[in-house]
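# A structural walkthrough
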Amino acid sequence: MIKVSPSILSADFANLIHDIKKVENADMLHIDVMDGHFVPNISIGVPVVQAIKKASHLFLDVHLMISDPLFYAEAFLNAGADLFCFHIESDSDAQKVIDVVKKHGKKVGIALKPKTSPSAIAHLINQIDMVLIMTVEPGFGGQAFMEDMLPKIQEVKCMAAEKGRSIDIQVDGGINETTGKLCVDAGSNILVAGSFVFQAKNPSEMVTKLQKL
Ligand code: DX5
Ligand code: ZN
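So, a few notes on the structure that sits alongside this text. Keep in mind that what you see is a predicted model, and the values were worked out from it rather than measured.

Attention now goes to the overall build of the protein. Tallying secondary structure elements over the protein gives eight helices and eight strands in all. Against the globule reference of 17 Å for 213 residues, the protein gives a C-alpha radius of gyration of 16 Å, in line with a compact fold. Along the three orthogonal principal directions, the C-alpha set of the protein runs to about 40 × 35 × 30 Å. Burial analysis of the protein (213 residues in total) assigns 53% to the buried set. In the protein, of all internal contacts separated by at least 6 residues, the share reaching a separation of at least 24 is 63%. Carbon and sulfur atoms form 52% of the exposed surface of the protein, whose accessible area is close to 9100 Å². Placing the 20 positive and 25 negative side-chain charges of the protein at their respective mean positions leaves the two points 5 Å apart.

Here you go:
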């Protein structure tokens, strides 16, 4: 079964909980945290994650596009992040970040920007629950899907299988029914979708469509 994680970056921030309630059939909720430094955009911080945790029962999939995820890990985990996904290109020591998340008993993922090779995380694959393959340059919603990321999905899947691991492979950026299908065929099992879900008349229907891919 394909899991779907709607990205609230494309939701109406003035009516956030109203929009989140529209996607209660989703498998998790994708929260994009941006610090204006790792990416040229600023989005959501700890208090918003805390507020969403109180108002929704959805599993919180928090994508940290920040330079120092280690410094902020405790705060986001205490705020209610169920899955803490940080970038390997960040300035933090990846092993230390993994250790903090595990100490909290939460899931940990590592994200790869489009230009980063999966070999950058080969030594960590045994310790993580998920790899996030960015299919756009991180920072903004509504960008076009990068089809040349498809071989990377297969590469990560093989890399994990070689170490006897079957881990979740999430894709994020430009996902719709067509591009989502390509990712699923390549081996991805978690689809993040922002504009495709929240700009639709019926967001929950879009979630179901992606779950069925
Ligand atoms: C981009 C974010 C994505 C974004 C996806 O940096 O990580 O999660 O919200 O938006 P769409 O699905 O519109 O490309
Ligand atoms: Zn994201």
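This part covers helix α4 (residues 94–103). Listed in full, the buried residues belonging to α4 are Ala-94, Val-97, Ile-98, Val-100 and Val-101. The arc that holds every buried residue of α4, seen down its axis, measures 165°, which confines them to one face. Positive backbone phi, at 70°, marks Gly-105, one or two positions downstream of α4.

Quick look at the coordination of the zinc ion (ligand 2) now. Listed as protein donors to the zinc ion (ligand 2) are His-30 (NE2), Asp-32 (OD), His-63 (ND1) and Asp-172 (OD); their distances from the metal cover 2.0 to 2.3 Å. In this structure, the zinc ion (ligand 2) is coordinated by six donor atoms arranged in octahedral fashion, with angles at the metal of 70 to 171°. Mapped onto the polypeptide sequence, the residues donating to the zinc ion (ligand 2) form the spacing pattern H-x1-D-x30-H-x108-D. Residue His-30 is located in strand β2 (residues 29–34), and its partner His-63 is located in strand β3 (residues 60–65); the two are separated by 33 residues in the primary sequence. The burial state of His-30 is the same as that of His-63; both residues are buried.

The contact between helix α5 (residues 150–162) and helix α6 (residues 177–186) brings their axes to 8 Å, and the two run at 30°. For the element pair α5 / α6, the angle class is roughly parallel. Crossing of α5 against α6: the hand is right-handed. Two secondary-structure elements touch here, α5 through Leu-150, Ile-153, Gln-154 and Lys-157 and α6 through Leu-182, Cys-183 and Ala-186. Grouping the amino acids of the contact of α5 with α6 by side-chain chemistry returns five nonpolar, one polar and one charged.

Procedures and definitions
Residues numbered from 1 in each chain as written. Chains lettered and ligands numbered in written order. Predicted model: local features only at pLDDT ≥ 70, side-chain atom pairs only at ≥ 80, totals over all residues. Heavy atoms only, no water. Helix = DSSP H or I, 4+ residues; strand = E, 2+ residues; numbered from the N terminus. Rg over C-alpha atoms; globule rule 2.2 N^0.38 Å. Buried < 20%, exposed > 50% of the residue type's maximum accessible area, 1.4 Å probe, protein only. Contact = heavy atoms within 4.5 Å. Areas by Shrake-Rupley, 256 points an atom, 1.4 Å probe, with all protein chains shown as cover. Lys, Arg positive; Asp, Glu negative; His and termini not counted. Charge placed at Lys NZ, Arg CZ, Asp CG, Glu CD. Arc of directions from axis to C-beta. Donors = N, O, S within 2.8 Å, 3.2 Å for Na, K, Ca; no water. Tetrahedral: all angles 85-135°; square planar, octahedral: opposite > 155°, others 65-115°. Axes fitted to C-alpha atoms, helices over the stretch in contact; angles between N-to-C directions. Parallel < 35°, antiparallel > 145°, perpendicular 65-115°, else oblique. Left-handed = near helix turned anticlockwise from the far one by under 90°. Nonpolar A, V, L, I, M, F, W, Y, C, P; charged D, E, K, R; others polar.

By themselves, these figures tell us nothing about what the structure is for.
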